[in-house]
Amino acid sequence: MKDFLSLARARYSVRKFTGEPVRPEDLEKIIEAGLVAPTARNLQPFRIFIVSSEGGLEKLRRCTKCDFGTKTALLVCASKAESWKRPFDGASSGWVDASIVTTHMMMEASDLGVGSTWVMWFDPAAARAEFELPEDLEPVAFLVMGYPAPDAAPAQGHSAFRPDSELIRRV
Ligand SMILES: Cc1cc2nc3c(=O)[nH]c(=O)nc-3n(C[C@H](O)[C@H](O)[C@H](O)COP(=O)(O)O)c2cc1C
């Protein structure tokens with residue numbers, strides 16, 4: 001079993017899959033990791049759509065070019081009404097909560113040997129229409145998943161880390 005930092009270092013965006021759908025026992029654990037994610041005030045203002053039917057995958061392909069031939073994807077949405085609002089400025093936790101849920105699922109997938117790519121390059125209007133999202137639900141992320149193809153490899157940008165001195169401030 002990998003420690004968390006090793007898992008985080010080893011994860012990369014997988015954009016080439018074997019073509020096998022994510023196995024039900026793996027999918028169940030991935031979803032569970034999302035369901036136990038922290039959310040502001042534990043309001044859980046998110047919805048996870050499992051996209052695995054041929055019809056669902058066609059819908060996905062109409063929303064984004066970044067489907068990478070997946071057979072199993074998750075669409076994570078945030079509820080505007082259910083999310084916590086910061087009293088000082090009304091800032092909503094919805095996108096943050098949905099992103100933590102997505103991150104949990106991405107890391108669990110990685111731990112199980114399921115590759116994934118977080119996809120934000122999609123047309124939100126198309127996602128709304130294709131997945132019949134009510135006005136309240138904002139599509140935040142597609143998590144496109146599958147078992148890495150034998151020649152899957154990290155993209156060049158994967159290891160392009162900016163220097164710590166640019167990113168970290170001590171106060
Ligand atoms: C919020 C977010 C949105 C992203 N959107 C896309 C996307 O639409 N298409 C894509 O191919 N990769 C997307 N990615 C993947 C990033 O490009 C990738 O995580 C980054 O380049 C670092 O590479 P790595 O994941 O291999 O470490 C996204 C990642 C994040 C966190």
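Presented here is a report on the structure given in the accompanying data block. None of these values were measured; they are calculated from a predicted model. (Residues numbered from 1 in each chain as written. Predicted model: local features only at pLDDT ≥ 70, side-chain atom pairs only at ≥ 80, totals over all residues.)

## Focus: the site of the ligand
So, step 1. In the vicinity of the ligand, the contacting residues are Tyr-12, Ser-13, Cys-66, Thr-117, Trp-118, Val-119, Met-120, Trp-121, Pro-154, Ala-155, Gly-157 and His-158.
So, step 2. Here the shell around the ligand is built from residues that sort into 8 nonpolar, 4 polar and no charged. (Near = placed C-beta within 6 Å. Nonpolar A, V, L, I, M, F, W, Y, C, P; charged D, E, K, R; others polar.)

## Considerations on the sheet that holds strand 4 (residues 137-146)
So, step 1. The 4 strands lie next to each other as 1-2-4-3, forming an open sheet whose pairing is antiparallel. Only two strands of the sheet have a single neighbouring strand rather than two, namely strand 1 (46-51) and strand 3 (115-119). On average, each strand axis in the sheet is tilted by 20° relative to the strand beside it, whichever way the strands run.
So, step 2. Alignment of strand 2 (residues 72-79) against strand 4, held across 8 bridges, turns out to be antiparallel. Paired with Val-76 across the two strands is Ala-141, which belongs to strand 4. (Pairing = 2+ DSSP bridges. Helix = DSSP H or I, 4+ residues; strand = E, 2+ residues; numbered from the N terminus. Axes fitted to C-alpha atoms, helices over the stretch in contact; angles between N-to-C directions.)

## Quick look at unusual backbone geometry
So, step 1. Although it is not a glycine, Asn-42 sits at a positive phi angle of roughly 55°.
So, step 2. Tracing the backbone shows Asn-42 in the loop between helix 2 (24-35) and strand 1.
So, step 3. Phi angles above zero are rare outside glycine, and Phe-68 is one such case at about 50°.
So, step 4. Within the secondary structure, Phe-68 is located in the loop between helix 3 (54-63) and strand 2.

## Considering the packing of helix 2 against helix 4 (residues 94-111)
So, step 1. Axis separation between helix 2 and helix 4 bottoms out at 7 Å; the angle between their running directions is 145°. Where helix 2 crosses over helix 4, the two elements pack in a sense that is right-handed. On the side of helix 2, the interface is formed by Lys-29, Ile-30, Ile-31, Ala-33 and Gly-34, while helix 4 contributes Val-101, His-104, Met-105, Glu-108 and Ala-109.
So, step 2. Looking at the contact of helix 2 with helix 4, its residues break down into 6 nonpolar, 2 polar and 2 charged. (Left-handed = near helix turned anticlockwise from the far one by under 90°. Contact = placed C-beta atoms within 7 Å.)

## Here's the deal with the nonpolar core
Soluble globular proteins tend to pack their nonpolar side chains together in the buried interior.
So, step 1. One finds Ala-73, Val-76, Phe-142 and Leu-143 to be the most contacted residues of the largest nonpolar core, which totals 33 residues.
So, step 2. Contributions of two or more residues to this core are made by helix 2, strand 1, helix 3, strand 2, helix 4 and strand 4.
So, step 3. Among the elements that take part in this core, strand 4 stands out by supplying 7 residues, more than any other.
So, step 4. Ignoring any residue separated from it by four or fewer positions in sequence, one finds Val-76 in contact with Phe-46, Ile-48, Ala-98, Val-101, Thr-102, Val-140, Ala-141 and Leu-143. (Core = buried A, V, L, I, M, F, W, Y, C linked by C-beta atoms within 7 Å. Buried ≥ 20, exposed ≤ 12 C-beta atoms within 10 Å, placed from the backbone.)

## Some remarks on the pairing of strand 3
So, step 1. Counting buried positions over the 5 residues of strand 3 gives 4, a clear majority of the element.
So, step 2. With 5 bridges connecting them, strand 3 and strand 4 associate as antiparallel partners. If you follow Val-119 over to strand 4, its bridge partner there is Phe-142.

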